[in-house]
2 protein chains.
Amino acid sequence: MASSSTFSLYQSLVVRSISPQSANSSTDRVSLSNFSSLRSISSLSSSFHLTRAVARLPRRISSSVRASAVETVDKTTENSLVEKSINTIRFLSIDAVEKANSGHPGLPMGCAPLGHILYDEIMRYNPKNPAWFNRDRFVLSAGHGCMLQYSLLHLAGYDSVREGDLKEFRQWGSRTPGHPENFETPGIEVTTGPLGQGIANAVGLALAEKHLAARFNKPDNEIVDHYTYAILGDGCQMEGVANEACSLAGHWGLGKLIAFYDDNHISIDGDTEIAFTESVDKRFEALGWHVIWVKNGNTGYDDIRAAIKEAKAVKDRPTLIKVTTTIGYGSPNKANSYSVHGSALGAKEVDATRKNLGWPHEPFHVPDDVKMHWSRHIPEGATLEAEWNAKFAEYEKKYTEDAALLKSIISGELPADWEKALPTYTPESPADATRNLSQQNLNALAKVLPGLLGGSADLASSNMTLLKMFGNFQKDTPEERNVRFGVREHGMGAICNGIAHHSPGLIPYCATFFVFTDYMRGAIRLSALSGAGVIYVMTHDSIGLGEDGPTHQPIEHLASFRAMPNILMFRPADGNETAGAYKVAVLNKNRPSILALSRQKLPQLPGTSIEGVEKGAYIISDNSSGNKPDVILVGTGSELEIAAKAADDLRKEGKAVRVVSFVCWELFDEQSDAYKESVLPASVSARVSIEAGTTFGWEKILGSKGKAIGIDRFGASAPAGKLYKEFGLTKEAVIAAAKELC
Amino acid sequence: MASSSTFSLYQSLVVRSISPQSANSSTDRVSLSNFSSLRSISSLSSSFHLTRAVARLPRRISSSVRASAVETVDKTTENSLVEKSINTIRFLSIDAVEKANSGHPGLPMGCAPLGHILYDEIMRYNPKNPAWFNRDRFVLSAGHGCMLQYSLLHLAGYDSVREGDLKEFRQWGSRTPGHPENFETPGIEVTTGPLGQGIANAVGLALAEKHLAARFNKPDNEIVDHYTYAILGDGCQMEGVANEACSLAGHWGLGKLIAFYDDNHISIDGDTEIAFTESVDKRFEALGWHVIWVKNGNTGYDDIRAAIKEAKAVKDRPTLIKVTTTIGYGSPNKANSYSVHGSALGAKEVDATRKNLGWPHEPFHVPDDVKMHWSRHIPEGATLEAEWNAKFAEYEKKYTEDAALLKSIISGELPADWEKALPTYTPESPADATRNLSQQNLNALAKVLPGLLGGSADLASSNMTLLKMFGNFQKDTPEERNVRFGVREHGMGAICNGIAHHSPGLIPYCATFFVFTDYMRGAIRLSALSGAGVIYVMTHDSIGLGEDGPTHQPIEHLASFRAMPNILMFRPADGNETAGAYKVAVLNKNRPSILALSRQKLPQLPGTSIEGVEKGAYIISDNSSGNKPDVILVGTGSELEIAAKAADDLRKEGKAVRVVSFVCWELFDEQSDAYKESVLPASVSARVSIEAGTTFGWEKILGSKGKAIGIDRFGASAPAGKLYKEFGLTKEAVIAAAKELC
């Protein structure tokens, strides 16, 4: 990462380049303002209205002043500019959707007041360094309303959303895609749009803050100290993943999580009366949240402000502020109807709305006074960061060791030689289930990786995920690193995405039975898309789990993740391969990994290695010469042993047999043609694979003439050994297939 | 289906053969008792205790008697046999788990009282005809506790769970698998185990009852009239899918749904305090449920009875009865701990439990008095069914037309010539999006299929799923057939599984964007596994949806479902193919179908046909002879048009080109080798595919030498046309690839 400032270490900790798809995020780096520009802008802004004069002061000092100012100042003056700003947000959104002829104007129009108050009055951020560590996090869980956030980022002075970007809304190559994408737009924390994910990400962000604060804050220096805000709509509220995550947020007492429920009573199918008549307030109270209702979210600005103040005062519980708004507020004919939810207003209605709200300006216009009003955020953000840097310098002097740890979490830089902590195994090491070997790796890594934390969806003792040197992350012990997710797979995955996106050095892992990736696939896909390096520890990875039967036995899951872009699907065969999988997973900060691990014991195989895993597929044994084996036997995970045993027998019969472990297809795809040829020579078409899962996709490895041994039906309830025999996953089957081919 | 009785039509409507995997369910058919055996058994049972004397009477008549009997009879006598029965249930469960050395004894031990009361005192069923239409439905959502239900089915006299079956718990080929599987065990309604699914299935069962009752009941004849009971544990309560479904149950006012929450405070990771401290009672009140708490579920039998009575009295809301129990009740050293949740007790603790509960019997023993006590359910069930048959005969006389419709819903028999309702198209028919063509099919089918009902997860106007001749299924209009699921994909899928398993003639469909199958994959997999013929209407099936961007654009989804067993993945290209997909989907009562449908307009292609779709893949155009084209172009869905256009151009250049539509891979797999060879001759290796999705898996069709054109990365936000061009999904790309190969 290029450093762009000499101001301090931390301004160089900028937006990490996130996914292979986002090549140019590095252009949006820090360009730090200095104090003179800060002064000049605040003196200008003070000419507009009284309360804004405090903008000159650093935000921390001014907050109490502003609180009283809100109550005492001439509200007419204040409100007229606020309203102008709010209408600017509305029309930037309307105009961008109109130009794209695609998008969702309704939410930005209804939530503009809330958006204004959050980004202009409440949140602490530095527009010129969207990656400043101690910034408040904001998540638009109702991601379809992204023009709200783009408008706010634009007004606040983020380089990622300039006027040109607004005009390129939803166009090829733009930084303003149709839903918020962190890998496209610095200033966006997480990728939302699939409903319910964002609020669960926000729970993860708030968890990360609470955890880091508990670990690193000192009585004289609260170095970690920010809020997490989220806006969620009716759609998010209906999604189960949101309920899962919010139940945990209540359980954990995430007091600095403040979620706004945009209660507008409209979803795509019309009035929420048709499908959503529960009491959201009561449900959140049941989940242990503090709940506030702002009845007039359209114009009750002070009510919104007061609610936020109250929310901040409640420190032991997260707060839900239900803000009743009118979707499409200001549109005379479409407000409060589903027609304004997901379509452009149309030229005629845009005109009518301009008239209705008294907005004479051309499209994309930001009035000068509004521009000036918002311009203070650039110097103010610089000040906030500078203050924090000074505070960190103090911290570093006094708490050198903790500072170094925190620094590595902020930067994502791994400690030197961390990988030496990985356990190694020899063929003489005892046979063991890869889920147990995984636990050895996790515990070894936890000692050297300060940002490793995670847990299981109520299967810790089956997934083998406990970090033995730590206690449980809980409401009153948030410094601990074992997270207990309960039976909430989807929420777990989405929370881990939030943790991963909080700081580059946080490495969340989470676990359940492999088959239950089906419950959390929405979150896993977002890990892959948004470049969240979550480690998915997925045990009980085949019919080898035995008696629990077909509801618990994955069949199609390996193939289903091999088909997913930007995710590493590992199926390690033993200790060395498990260690190799962890090594690659940790190094892939911007790509998630899934480890499919066995319930049953497996031997430590000769020939396996960490280096082999890094190449995705590699030869573990071979008695051929000249890269011309009679047959290539391919296996993964628990079936690699079967392939190795079949090879032994075939070799006794004089065959030249190569055994290849295909532990991670994606990594093999990335190797050179020469390496691929050295493992799978084109001239050898006699190839047999064995894997306790669907054969779907194996033609890619085996070619048309190869033979895949697998299971193309659902499993059954019986002891594992019996199942392997009945389903024909045997050494004998491999030998028979090999003999047919060579 | 074989008829096994002359008694009435309806006894022959037995367990439908469900999945290809359950070949012998037909052995568990009706073997109807006659009235003489009924008499002899009840006279025996009357010797045991007073209240049981009423068993002789048909249940409908006796229920009020029994209600008062419970209050007046000598409770000591009563309770001693009840307790003996409860302990029988406990020890059958303990013994089966012990013999298998695998399973979950904790729940059956804790819920045995509730199980006894439900199956012995409350529920109306006929053990000799588990498929009797008007039976009460019971769902063990906490499916790991299945020995509870197997014990109850055994005591109640179901042929599917004889003593030998209990001894074969969790063994290969047994009818007592590790979790309840409807396709293995008649008497099990749905397949559970993945937590949260069962309660959502129960919502679907209750929806079906409410809907059919509203459509068919008459003031003088309530022909549809049963309850749906479910037991869910802490795990189910944490799952988002359960909250989604229960929110809908509250919204719909499913008054005949009674769910028992086994509140035992223990999950696999230990005390629920570590991850689950919300107030479940309050949450359910917020969801619109009636909530009752039975504080002593271990021995408070009368409290359980009273709660059920109260629940039945509340008709406008579903009821949650929180029953506080002790997991592993009776085990002196393991009760109330996670160690009794998922492992056999062990010989020593089994002995200790036998001593503690005063149970001197050998394993699997059912005391004679308990056996006798339960034996009345066979004649009583026959009576219940006979009464209902008589009632139906009355109904049929008076309401002939409705009776015929209801009969077809009960039997699953399709009306003659129903498929003639399917719309047909010619190349001259207007171009249209397949999502719109799907709506034409749905509306055409709704006129001829009385059991077709369904809807969308808040995307009805995007998925095009509204049945225009019907209103919305709602609390007060349950006779209607448009179901509004809200933004609850997972709950929607699981509810549809429940509807499908309610009656063979119910054909539920449900809809969202194809990418959001990720949210509901847990339910879709259970459709496939349990043989629920749900039709998944999945629109916006590729980057062709355009501006919403990569969060909304499926890439890996086609492959991920092609890899899943027992499900049909269709991607129709136009009107005829959409009609073909619906025809196959409707005929596959025991196999779910997914239809991936376009947002964008597509032309009606020459050569497409319903018959072609039925074969999975077929030639839509060909200028070759002798089954030897120069090249085969393969397409699906919206890209079939591109393949056809490329073929036109190549033919102009003199090439012999075959175009194949690969609309459903699974159906093609099932064709004869001769047919396969006629479509994809082995001698022709020049094959090019085009599909707007991952190329993963296409080697299966194309062979090693073919070329797949697709998208192996995530999509992007831009207009659809731009995306197709940028991602290289063009006629030119197909032509170039073809020329490289031939």
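Residues numbered from 1 in each chain as written. Chains lettered and ligands numbered in written order. Predicted model: local features only at pLDDT ≥ 70, side-chain atom pairs only at ≥ 80, totals over all residues. Heavy atoms only, no water.

### Notes on the overall build of chain A
The helix and strand tally for chain A stands at 28 helices and 21 strands. The contacts of chain A with a sequence gap of at least 6 include a subset with a gap of at least 24, amounting to 78%. Carbon and sulfur atoms form 51% of the exposed surface of chain A, whose accessible area is close to 22,300 Å². (Helix = DSSP H or I, 4+ residues; strand = E, 2+ residues; numbered from the N terminus. Contact = heavy atoms within 4.5 Å. Areas by Shrake-Rupley, 256 points an atom, 1.4 Å probe, with all protein chains shown as cover.)

### As for the interface of chain B and chain A
Chain B puts 101 residues into the contact, and the matching count from chain A is 101 residues. Of the roughly 8,200 Å² buried between chain B and chain A, counting both surfaces, carbon and sulfur atoms make up 57%. Looking at the side of chain B facing chain A, the largest losses of area belong to B:Trp172, B:Phe696 and B:Phe714, adding up to 11% of the total buried there. On the surface where chain B and chain A come into contact, there are ten salt bridges. Measuring nitrogen to oxygen at the nearest pair gives 4.0 Å for the salt bridge that ties A:Asp518 to B:Arg525. Run the count over chain B and chain A and you get 45 residue pairs in polar contact (both at pLDDT 80 or more). When residues of the side of chain B that touches chain A are assigned to their parent elements, the largest contribution, seven residues, is made by helix α9 (residues 240-252) of chain B. Among the residues forming the side of chain B that touches chain A, the class breakdown is 39 nonpolar, 36 polar and 26 charged. (Buried area = accessible area lost by both parts, 1.4 Å probe. Salt bridge = Lys/Arg side-chain N within 4 Å of Asp/Glu carboxyl O. Polar contact = N/O pair within 3.5 Å; in protein donor to acceptor, adjacent residues only side chain to side chain. Nonpolar A, V, L, I, M, F, W, Y, C, P; charged D, E, K, R; others polar.)

### Comments concerning the nonpolar core
One finds A:Phe570, A:Leu633, A:Phe662, B:Phe570, B:Leu633 and B:Phe662 to be the most contacted residues of the largest nonpolar core, which totals 154 residues. Those residues in contact with A:Phe662 that sit more than four places away from it in its chain are A:Gly616, A:Ala617, A:Val634, A:Gly635, A:Thr636, A:Phe668, A:Leu680, A:Trp698 and A:Ile701. (Core = buried A, V, L, I, M, F, W, Y, C linked by side-chain atoms within 4.5 Å. Buried < 20%, exposed > 50% of the residue type's maximum accessible area, 1.4 Å probe, protein only.)

### Here's the deal with the pattern of salt bridges
Per the counting criterion, the structure on display carries 77 salt bridges over all chains. Between A:Glu121 and A:Arg305 there is a salt bridge, and its shortest N-O distance comes to 2.6 Å. Taken together, the residues span a long stretch of sequence, with A:Glu121 in helix α4 (residues 106-122) and A:Arg305 in helix α11 (residues 301-313) at a distance of 184 residues. On the basis of relative accessibility, which here comes to 8%, the residue A:Glu121 falls in the buried class. Among the salt bridges present, the one from B:Asp622 reaches B:Arg658, with a minimum N-O distance of 2.8 Å. One end of the pair, B:Asp622, is in strand β17 (residues 618-622); the other, B:Arg658, is in strand β19 (residues 657-661), and 36 residues separate them in sequence. B:Asp622 gets classed as partly exposed once you look at its relative accessible area, which sits at 30%.

### Some details on unusual backbone geometry
Most peptide bonds adopt trans geometry, and most residues besides glycine take a negative phi value. Not every positive phi belongs to a glycine, and A:Asn566 is a case in point at roughly 55 degrees. For A:Asn566, the location among the structural elements is in the loop between α20 (557-562) and β14 (568-570). Judged by relative accessible area, A:Asn566 falls into the buried class, the value being 17%. Positive phi values are uncommon outside glycine, yet B:Asn101 reaches one of about 50 degrees. In this structure, B:Asn101 sits in the loop between α3 (75-100) and α4 (106-122). The class for B:Asn101 is exposed, based on a relative accessible area of 61%.

### Quick notes on the side chain of B:Gln604
Residues and elements named next belong to chain B. Along the chain, Gln-604 turns up in the loop between β16 (601-602) and α22 (610-614). Taking relative accessible area as the criterion, Gln-604 reaches 5% and is therefore assigned buried. A distance of 2.8 Å separates a polar atom in the side chain of Gln-604 from the backbone nitrogen of Gly-575. Not counting residues within four places of it along the chain, the set of residues in contact with Gln-604 comprises Tyr-425, Thr-426, Pro-427, Ser-429, Pro-430, Asp-432, Leu-437, Asp-574, Gly-575 and Asn-576.

### Structural notes on the packing of aromatic side chains
Counted under the stated rule, the structure contains 49 aromatic pairs over all chains. Plain terms: the ring middles of B:Phe662 and B:Trp665 are 6.2 Å apart, the flat faces sit at 75 degrees to each other, and that makes the pair edge-to-face. With respect to burial, B:Phe662 and B:Trp665 carry one shared label: buried. Summarising the aromatic geometry, the rings of B:Phe668 and B:Tyr675 are spaced 6.2 Å apart at their centres and angled 65 degrees between planes, so their arrangement reads as edge-to-face. Both residues of the pair, B:Phe668 and B:Tyr675, count as buried. Ring pairing ties together the aromatic residues A:Phe662, A:Trp665, A:Phe668, A:Tyr675, A:Phe696, A:Trp698, B:Phe662, B:Trp665, B:Phe668, B:Tyr675, B:Phe696 and B:Trp698, which thus form one cluster. Across the ring face of B:Tyr399, the terminal group of B:Lys218 is positioned such that the distance to the ring centre comes to 4.9 Å. Of note, B:Lys256 hangs over the ring of B:Tyr227, and the distance from its end group to the ring centre comes to 5.6 Å. (Phe/Tyr/Trp six-rings, centres within 6.5 Å; stacked < 30°, edge-to-face > 60°. Lys NZ or Arg CZ within 6 Å of the ring centre and 35° of its normal.)

### Quick notes on the relation of the copies chain B and chain A
It takes a turn of 180 degrees to lay chain B on chain A, together with a shift of 0.0 Å along the axis; the resulting RMSD is 0.0 Å. Taken together, these values place the two copies in the relation of a two-fold axis. Across chain B, the rotation axis passes nearest the C-alpha of B:Gly240, at a separation of 1.8 Å. With an isologous cut-off of 70% or more, the 100% of interface residues of chain B that recur at the interface of chain A puts this contact in the isologous class. (Least-squares fit on C-alpha atoms with pLDDT ≥ 70 in both.)

### Structural notes on the UniProt feature "binding site: Mg(2+)" (unreviewed entry) in chain A
Residue and element names in this part refer to chain A. UniProt annotation of "binding site: Mg(2+)" (unreviewed entry) refers to Asp-234, Asn-264 and Ile-266 when read in the numbering used here. Annotated residues spanning 33 residues; largest pairwise C-alpha distance 7.5 Å, indicating a single compact cluster. Along the chain, Asn-264 falls in the loop between β3 (257-263) and β4 (266-267). Given a relative accessible area of 6%, Asn-264 falls into the buried group. Beyond its immediate sequence surroundings of up to four residues, Asn-264 is in contact with Asp-234, Thr-325, Ile-327 and Asn-336. Note that Ile-266 resides in strand β4. Ile-266 gets classed as buried once you look at its relative accessible area, which sits at 8%. For Ile-266, the residues in contact, after removing those within four places along its chain, are Asp-234, Asp-271, Thr-272, Ile-327, Asn-336, Ser-337 and Tyr-338. (UniProt positions renumbered as here; feature names shortened; annotations may be inferred.)

### A look at the pairing of strand β1 (residues 137-140) of chain B
Residues and elements named next belong to chain B. Both faces of β1 are covered, namely the face carrying Arg-137 and Val-139 and the face carrying Phe-138 and Leu-140. Pairing of β1 with strand β2 (residues 228-233) involves four bridges; the strand directions are parallel. Residue pairing for β2: Leu-140 is matched across the bridge by Ile-231. (Pairing = 2+ DSSP bridges.)

### Thoughts on the side chain of A:Thr465
Residue and element names in this part refer to chain A. The topology assignment puts Thr-465 in the loop between α17 (460-463) and β10 (472-473). Overall, the relative accessible area of 1% leaves Thr-465 in the buried class. The contacts of Thr-465, once residues within four sequence positions are left out, are Gln-439, Leu-442, Gly-455, Ser-456, Ala-460, Asn-482, Tyr-509, Ala-511 and Val-537.

### Here's the deal with the environment of A:Pro363
All names here are of chain A. Mapping Pro-363 onto the fold places it in the loop between α12 (347-357) and α13 (368-375). In the structure, Pro-363 is positioned 75 residues away from Gly-288 in sequence and 45 Å away in space, judged by C-alpha atoms. If sequence neighbours within four positions are ignored, Pro-363 has contacts with Asp-95 and Arg-354.

### Regarding the sheet that holds strand β2 (residues 228-232) of chain A
All names here are of chain A. Judged by pairing direction, the sheet is parallel, and its five strands sit side by side in the order β1-β2-β3-β7-β6 without closing on themselves. At either margin of the open sheet sits one strand with a lone partner, and together these are β1 (137-140) and β6 (290-294). Taken pair by pair, the neighbouring strands of this sheet meet at an average axis angle of 15 degrees, ignoring direction. When β2 meets β3, the two strands line up parallel, connected through five bridges. Residue pairing in the sheet places Leu-232 in a bridge with Tyr-261 of β3. (Axes fitted to C-alpha atoms, helices over the stretch in contact; angles between N-to-C directions.)

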